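# Tertiary structure, described
Here is how the chains run, residue by residue.
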Amino acid sequence: MDNLEELKKQTQVDNSKLEEMMKEEITPQMQIRFFNLLRKSQLYLPITPSANMFEGIENAKEGDVFQTDGPAGFDINYLSDEDGNRAVPLFTSEEAMDKANMRSSVMVMFAPDIADLLKQSDRYSVVAVNPFTEHDIFMPIEGFLGIFDEDAHEEEEMIEAINEILEVLRNHSYVLENEMAFMVRLDENSMRDNAVDGVFIPDMPMNMSTDKDFRTDLKYANIIIFEKGKKVLPLGKTENDVYDTIVAPGTEFILEREIDEFTTLWRCGNQPFYD
């Protein structure tokens, strides 16, 4: 009985976070988080089992191993429209199936396993999550399978990390009470080389340091003057004390003068990120 209880715990399905997101309008900014939750979920797949799939199970005891006569399998209990397009229904819970009035045998499967299953067939054109409920989501089969593409997954994780930084910048940036100088050291003179009419504008959050002597091994030094009232995000001590401040993307860095061949002085201009 202990083994049976442990098995029950391991197979419990909890898609509550996914269901909460589905109650909202999934904006482009929310898509990555939604796809990450869907990727990690266990879902109910309605099926029609083969005649011999459960052969002998009625007499089985805990720990018994038995084999069927011939291959055991199942068909997906799909939905179809008037044009014959087939949709794979997936449910987040038994309650969602009840709300959809879906009466079917099911298999509870991890979402990546469902994707692997669907890759083997060209019979389906749509995946429907919680169809016939108030908060259903339909997506093309190609879009669903693309969620499990490893390269796309890594890119999504990077975008999600950037979005989290942007959210922190928006809510926790510090308004400078005095003029301060920050240092950006680079291996290449990319700020100067990419400036347009003497203005460099980063399109990503940019790291800076309050320590003018950090990373003296890097060739080019960019000193940036921030006047009182400008905004930055202090990080405090960081690994190797390299960077301790972040500035928002879109901030204008205006070229003041080139101090020498390897040192450039800039001044912070507009910060439209905070407008």
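Residues numbered from 1 in each chain as written. Predicted model: local features only at pLDDT ≥ 70, side-chain atom pairs only at ≥ 80, totals over all residues. Heavy atoms only, no water.

## Topic: the overall build of the chain
Regarding its fold elements, the chain presents eight helices and 16 strands. Looking at the chain as a whole, 36% of its 275 residues are labelled buried. Partitioning the contacts of the chain with sequence separation of at least 6, the portion at a separation of at least 24 is 73%. For the chain, the exposed area adds up to about 17,100 Å²; of that, 47% sits on carbon and sulfur atoms. (Helix = DSSP H or I, 4+ residues; strand = E, 2+ residues; numbered from the N terminus. Buried < 20%, exposed > 50% of the residue type's maximum accessible area, 1.4 Å probe, protein only. Contact = heavy atoms within 4.5 Å. Areas by Shrake-Rupley, 256 points an atom, 1.4 Å probe, with all protein chains shown as cover.)

## A word on the side chain of D244
Residue placement: D244 occurs in the loop between β13 (231-234) and β14 (245-247). Judged by relative accessible area, D244 falls into the buried class, the value being 18%. There is a polar contact of 2.6 Å between the side chain of D244 and the side chain of T210. Here the side chain of D244 touches T245 through a polar contact of 2.9 Å, side chain to side chain. (Polar contact = N/O pair within 3.5 Å; in protein donor to acceptor, adjacent residues only side chain to side chain.)

## Thoughts on the environment of I162
Inspection of the secondary structure assignment puts I162 in helix α7 (residues 150-172). Given a relative accessible area of 18%, I162 falls into the buried group. Residues I162 and M204, 42 residues apart in the sequence, show an inter-C-alpha distance of 8.2 Å.

## Some points on the confidence of the model for the chain
Averaged over all residues, the pLDDT of the chain equals 82, while 81% of them reach at least 70. Counted against residues more than four places away or in other chains, residues 64-72, with its pLDDT under 50, gives 14 contacts. (pLDDT = per-residue confidence, 0-100.)

## Focus on the pattern of salt bridges
Applying the stated criterion to the full structure yields ten salt bridges. Between D217 and R215 there is a salt bridge; the shortest N-O distance is 2.8 Å. Between R267 and E256 there is a salt bridge whose closest N-O contact spans 3.7 Å. Residue R267 is located in strand β16 (residues 263-268), and its partner E256 is located in strand β15 (residues 253-260); the two are separated by eleven residues in the primary sequence. (Salt bridge = Lys/Arg side-chain N within 4 Å of Asp/Glu carboxyl O.)

## Here's the deal with the packing of aromatic side chains
Within the structure shown, the criterion is met by eight aromatic pairs. On the numbers, 6.3 Å between centres and 65° between planes, the contact of F226 with F253 is edge-to-face. Here F253 lies in strand β15 and F226 lies in strand β12 (residues 220-226), a separation of 27 residues in the sequence. Accessibility classification places F226 together with F253 in one group, the buried group. An aromatic cluster is defined as three or more aromatic residues linked by ring pairs; in this entry it consists of F182, F200, F226 and F253. (Phe/Tyr/Trp six-rings, centres within 6.5 Å; stacked < 30°, edge-to-face > 60°.)

## With respect to the pairing of β13
Both strand β8 (residues 174-175) and β13 contribute to a ladder of two bridges, which runs antiparallel. Among the inter-strand pairings, V175 is bridged to a residue of β13, identified as K231. Pairing of β13 with β14 involves two bridges; the strand directions are antiparallel. Note on β14: the bridge partner recorded for L233 is I246. (Pairing = 2+ DSSP bridges.)

## Regarding the sheet that holds strand β6 (residues 126-129)
If you trace the four strands from one edge of the open sheet to the other, you get β3-β4-β6-β7, paired in mixed fashion. Two strands lie at the open edges of the sheet, namely β3 (79-80) and β7 (137-140), each paired on one side alone. As paired elements, β3 and strand β4 (residues 86-90) share two bridges and run antiparallel to each other. By the bridge assignment for β4, L79 is matched with A87.

## Concerning the nonpolar core
Counting 27 residues, the largest nonpolar core has F34, L118, V127 and F144 as the members making the most contacts within it. F182, V184, M206 and M208 belong to the second-largest nonpolar core, a separate cluster that totals 15 residues. (Core = buried A, V, L, I, M, F, W, Y, C linked by side-chain atoms within 4.5 Å.)

## Notes on the pairing of β6
Judged from the four bridges that link them, β4 and β6 form a sheet pairing that is parallel. Counted as the bridge partner of L90 is V129 from β6. Of the pairings in the sheet, the one linking β6 to β7 comprises four bridges and is antiparallel in character. Across the sheet, residue V126 finds its bridge partner in β7, namely P140.

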